[in-house]
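Survey of secondary and tertiary structure
Each chain, written out:
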Amino acid sequence: MTATSPGAPRELAEIEDFLAGVFQRFVPVAGDASLEPACARIVSGNERLRPAEQVDIYRHQFWLRHRDSLLEDYPALHHILGDDDFDAFAKAYLAAHPPKTPSLRDLGADLVRFAEAYAFDPALRELPVDAIRYELAFVDAFD
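Residues numbered from 1 in each chain as written. Predicted model: local features only at pLDDT ≥ 70, side-chain atom pairs only at ≥ 80, totals over all residues. Heavy atoms only, no water.

**A look at the pattern of salt bridges**
Working definition: two side chains of opposite charge can pair if their charged atoms are close together. Selection criterion: By convention in these notes, a salt bridge is any Lys or Arg side-chain nitrogen within 4 Å of a carboxyl oxygen on Asp or Glu. Burial classes follow relative accessibility: with a 1.4 Å probe on protein chains only, a residue under 20% of its type's maximum area counts as buried, one over 50% as exposed, and anything between as partly exposed. What counts as a helix is a DSSP run of H or I of at least four residues, what counts as a strand is a run of E of at least two, and both are numbered from the N terminus.
By the definition in use, this model includes 12 salt bridges. Notably, a salt bridge pairs Arg 50 with Glu 53, separated by 3.1 Å at the nearest N-O pair. Glu 53 gets classed as partly exposed once you look at its relative accessible area, which sits at 25%. The residue Arg 133 makes a salt bridge to Glu 116 at a minimum N-O spacing of 2.5 Å. Here Arg 133, found in helix H6 (residues 126-142), pairs with Glu 116, found in helix H5 (residues 111-117); they are 17 residues apart in sequence, far enough to count as distant. Exposure remark for Arg 133: the relative accessible area of 38% places this residue in the partly exposed category.

This is the structure:
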């Protein structure tokens, strides 16, 4: 997702772009010597948490929010795959198709195409893809 707000001052745009990039990481920012100084320039920290640790809280929330949004829109897919495989699928999808808009409504826009190429368990091959198509129809109908 490009976080830059239209007409944002250059400095704010750079901060938004930096945070959008680090929020989409799977690994913590804290402990990454290449990112910790940048975090310290834009996040104040406090007596309990270093700036990079504060950024990691939001990075973790980014993934939880998007995973939960996919779970809410695709409960049958979750039922078919189970927790661990659903999480792996959601992470792979979000890594390949990061959010393009702030709206969670559009999060699954590329899900069918992604699922068609995903390496599901061969015994389930068509079922998850069909479930996604079915549930996407509900997402579209809801709007």
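From this point, things continue past the structure.
**Regarding the packing of helix H1 (residues 10-23) against helix H3 (residues 51-73)**
What counts is decided by this rule: Working convention: axes come from line fits to C-alpha atoms, limited for helices to the stretch in contact. Angles between N-to-C directions cover 0 to 180 degrees. It is the rotation of the near helix from the far one that decides the hand of a crossing: anticlockwise by less than a right angle makes it left-handed, clockwise makes it right-handed. Only heavy atoms enter the contact rule, under which two residues are in contact if any of them lie within 4.5 Å. Nonpolar residues are Ala, Val, Leu, Ile, Met, Phe, Trp, Tyr, Cys and Pro. Charged residues are Asp, Glu, Lys and Arg, and all others, Gly as well, are polar.
Running from N to C, H1 and H3 cross one another at 60 degrees; their axes reach a closest spacing of 9 Å. Our pair here, H1 against H3, has a crossing hand that is right-handed. Only Val 55, Tyr 58, Arg 59, Phe 62 and Trp 63 of H3 make contact with H1, whose side of the interface consists of Leu 19, Val 22 and Phe 23. For the contact of H1 with H3, the per-class residue count stands at seven nonpolar, no polar and one charged.

**A look at the environment of Leu 19**
By secondary structure assignment, the location of Leu 19 is in helix H1. Along the sequence, Leu 19 and Asn 46 sit 27 residues apart, while their C-alpha atoms lie 19 Å from each other. Non-local contacts of Leu 19, meaning those with residues more than four positions away in its chain, are made with Ile 42 and Val 55.

**Re the nonpolar core**
Across soluble globular proteins, nonpolar side chains show a tendency to be buried alongside one another. Applied cut-off: Residue types Ala, Val, Leu, Ile, Met, Phe, Trp, Tyr and Cys, when buried and joined through side-chain atoms within 4.5 Å, form a set referred to as a nonpolar core.
Counting 32 residues, the largest nonpolar core has Val 55, Leu 70, Tyr 74, Phe 89 and Ile 132 as its most contacted members. Breaking this core down by element, the ones donating at least two residues are H1, H3, helix H4 (75-96), H5 and H6. The biggest single contributor to this core is H4, with eight residues.

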